[in-house]
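If you want the building blocks of each chain, they are given just below.
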Amino acid sequence: MDIDSRRTLRRIQGNDDTLTKLCVGNAYGDSDDIGTVWCNSIYDYFRLGNAISNNHHLLQIEVHEEVVHETIASSDFFDGLIHNSSIQELRLVCGNVDIVHGLGQQILKVYREKNNQLKHLALWDCNLRNAGREHAITKTLKYCNNLQKIHLTYCNLTDDQLVPILEAISNHNTVEQLSFYGNSIGNAGCKAIALALLYDPNSNLRILDLRENNIGNMGATAIANGLVNNAKLQSLYLKFDEGDNPMNNAQDAFFHVLRNTSSISSIYSSNHTLNFLEIDTDVRLSNLLELNKNTNKQHVAIIKILQQNHSNIDMEPLFGWKTGGKWSLRALPYVINWCERAKTAARENNRRFCEVRVGKEKLSAIYQFAKAMPLLLFVPSKHINGSGKACRRSKRKRTRV
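Attention in this report is confined to the structure presented alongside it.

Thresholds applied
- Residues numbered from 1 in each chain as written.
- Predicted model: local features only at pLDDT ≥ 70, side-chain atom pairs only at ≥ 80, totals over all residues.
- Heavy atoms only, no water.
- Helix = DSSP H or I, 4+ residues; strand = E, 2+ residues; numbered from the N terminus.
- Buried < 20%, exposed > 50% of the residue type's maximum accessible area, 1.4 Å probe, protein only.
- Contact = heavy atoms within 4.5 Å.
- Axes fitted to C-alpha atoms, helices over the stretch in contact; angles between N-to-C directions.
- Parallel < 35°, antiparallel > 145°, perpendicular 65-115°, else oblique.
- Nonpolar A, V, L, I, M, F, W, Y, C, P; charged D, E, K, R; others polar.
- Phe/Tyr/Trp six-rings, centres within 6.5 Å; stacked < 30°, edge-to-face > 60°.
- Lys NZ or Arg CZ within 6 Å of the ring centre and 35° of its normal.
- Salt bridge = Lys/Arg side-chain N within 4 Å of Asp/Glu carboxyl O.
- Core = buried A, V, L, I, M, F, W, Y, C linked by side-chain atoms within 4.5 Å.
- Pairing = 2+ DSSP bridges.
- Polar contact = N/O pair within 3.5 Å; in protein donor to acceptor, adjacent residues only side chain to side chain.

Here we look at the overall build of the protein chain
Working step 1: Assigned secondary structure in the protein chain consists of 16 helices and 12 strands.
Working step 2: When each of the 401 residues of the protein chain is scored for burial, the buried share is 46%.
Working step 3: A separation of at least 24 residues holds for 76% of the contacts in the protein chain among residues at least 6 apart in sequence.

The following block contains the structure:
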């Protein structure tokens, strides 16, 4: 080991609580939270394994391409990983070579057997183009059942290679961040992602990164359609560096998902969760995304309804005025209450136009009720004549005292 490696080894052995990241292979240099180790022999790996085994503060291990393909004869290094209870993040930088042998695959095997420890798995520049369905990465994703973040960056993933990976990921509802940045995923892959993850009500995916792939309008639209009933995904990255794919059709699809204007009830049930979308968004889409950042989703829905260009809001579909085939005044307080909540929502979201409109809608709603209700509901029975029609009160003659 060189001087820097020996210094890092001593920090690991001493359980230095400031050292949280270990880099094996690439000379980052030492810092407060990062240490680098370059092992030149089996004995070096033996010492490193023993040190890792007894360390309780390391959170991340990163293995670089210089050693990721090496075959390590000593099992002590892997035994150290097995006995360590603090490492939660694994990063492998592969140098555009498939992991079929060597240190990288052996480390993946360790964490497949310790299937509940890893929370973050990241692979960079790992060639999966010609890998079979059951390669080391797919197996790891399948058996590591506590993963929260998965990053497969520049791994030459095609639509066909993506399918078994999605099958492995869909078995876990712990995944919150998923990145396929810089691969060869196309429109078919987007449809597979939507079916496997976005349509699944058990999925807890919050962030999805699909930048730098071969995705066009059809693929982006498939992703948008997958968000119609999705209340989990908050951030979606789709933007391309190339300027020849503006995704205009996809913009319309996302706008329809965020505010379905076919009816008031459709607006109410639109997607109010997605608040970041990295495509070339226009003003109307940007405004909806900004509105979705509000954590009070009822208020978000109310503002979207008030922004709709209807002459007045038909409250009947929202509150079910008719009960048992008859009109009922019982719904009127709920409508008034809705208007009061709408006024609060408008103020909280600084929507002056919406606040002004609430007053008009409140009066309009009351008028709609009055117009729809039978006369008997408004006139006391003692003022109804025998034919069922309302009669005028007879004026009482006033007598002077």
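From this point, the discussion proceeds with the structure in view.
Some remarks on the packing of helix 1 (residues 3-13) against helix 2 (residues 42-53)
Working step 1: Running from N to C, helix 1 and helix 2 point in directions that differ by 30 degrees, and their axes come no closer than 8 Å. Relative to helix 2, the element helix 1 is oriented roughly parallel. Across the interface between the two elements, L9, I12 and Q13 from helix 1 touch R47, L48, A51 and I52 from helix 2.
Working step 2: Partitioning the contact of helix 1 with helix 2 into residue classes produces five nonpolar, one polar and one charged.

Considering the packing of aromatic side chains
Working step 1: Throughout the structure, instances matching the rule amount to six aromatic pairs.
Working step 2: Their ring planes at 25 degrees and their centres at 6.0 Å tell us that Y43 and F46 sit as a pair that is stacked. With Y43 and F46 both in helix 2, this residue pair falls three residues apart, about one helical turn.
Working step 3: Residue classification places Y43 among the exposed positions, given a relative accessible area of 51%.
Working step 4: For F46, a relative accessible area of 31% gives the class partly exposed.
Working step 5: An aromatic cluster is present here, built from Y45, F77 and F78 joined pairwise through their rings.
Working step 6: Across the ring face of F255, the terminal group of R284 is positioned such that the distance to the ring centre comes to 4.2 Å.

A look at the pattern of salt bridges
Working step 1: All told, the structure shown has eight salt bridges when counted by the stated rule.
Working step 2: The salt bridge partner of R7 is D4, with a shortest N-O separation of 2.8 Å. Remark: D4 and R7 occur in helix 1; sequence separation between them is three residues, near one turn of the helix.
Working step 3: On the basis of relative accessible area, R7 is assigned to the partly exposed category, the value being 34%.
Working step 4: Taking the relative accessible area as the measure of exposure, D4 reaches 35% and is therefore partly exposed.
Working step 5: For the salt bridge of R47 with D44, the shortest nitrogen-to-oxygen distance reads 3.4 Å. With R47 and D44 both in helix 2 and three residues apart, the pair spans about one turn of that helix.
Working step 6: The exposure class assigned to R47 is partly exposed, which follows from its relative accessible area of 25%.

Details of the nonpolar core
Working step 1: Within the largest apolar cluster, 79 residues are counted, with the highest numbers of intra-cluster contacts made by L48, F77, L141, L152, F180, L236 and F254.
Working step 2: A per-element tally of this core places helix 10 (residues 248-258) first, with six residues.
Working step 3: Ignoring sequence-local partners within four residues, the contact set of F180 consists of L152, L157, L162, I165, L166, I169, I185, I193, D209, L210, R211 and N213.

Considering the pairing of strand 6 (residues 149-153)
Working step 1: In this sheet, strand 6 lies alongside strand 5 (residues 120-124) in parallel orientation, the contact comprising five bridges. Within strand 6, the position partnered with L123 by the bridge is L152.
Working step 2: When strand 6 meets strand 7 (residues 177-179), the two strands line up parallel, connected through three bridges. Paired with K149 across the bridge in strand 7 is Q177.

Quick word on the side chain of N84
Working step 1: Tracing the chain through its elements places N84 in the loop between helix 4 (76-83) and strand 4 (89-93).
Working step 2: In terms of polar contacts, N84 uses its side chain to reach the backbone carbonyl oxygen of I52, at 3.0 Å.
Working step 3: Not counting residues within four places of it along the chain, the set of residues in contact with N84 comprises I52, S53, N55, K114 and Q117.

Observations concerning unusual backbone geometry
Working step 1: Residues other than glycine seldom take positive phi values, yet N15 does so here, at roughly 55 degrees.
Working step 2: Looking at N15, the relative accessible area reads 24%, which means it is partly exposed.
Working step 3: Its identity is not glycine, yet E212 carries a phi of approximately 55 degrees, on the positive side.
Working step 4: Tracing the backbone shows E212 in the loop between strand 8 (207-209) and helix 9 (217-225).

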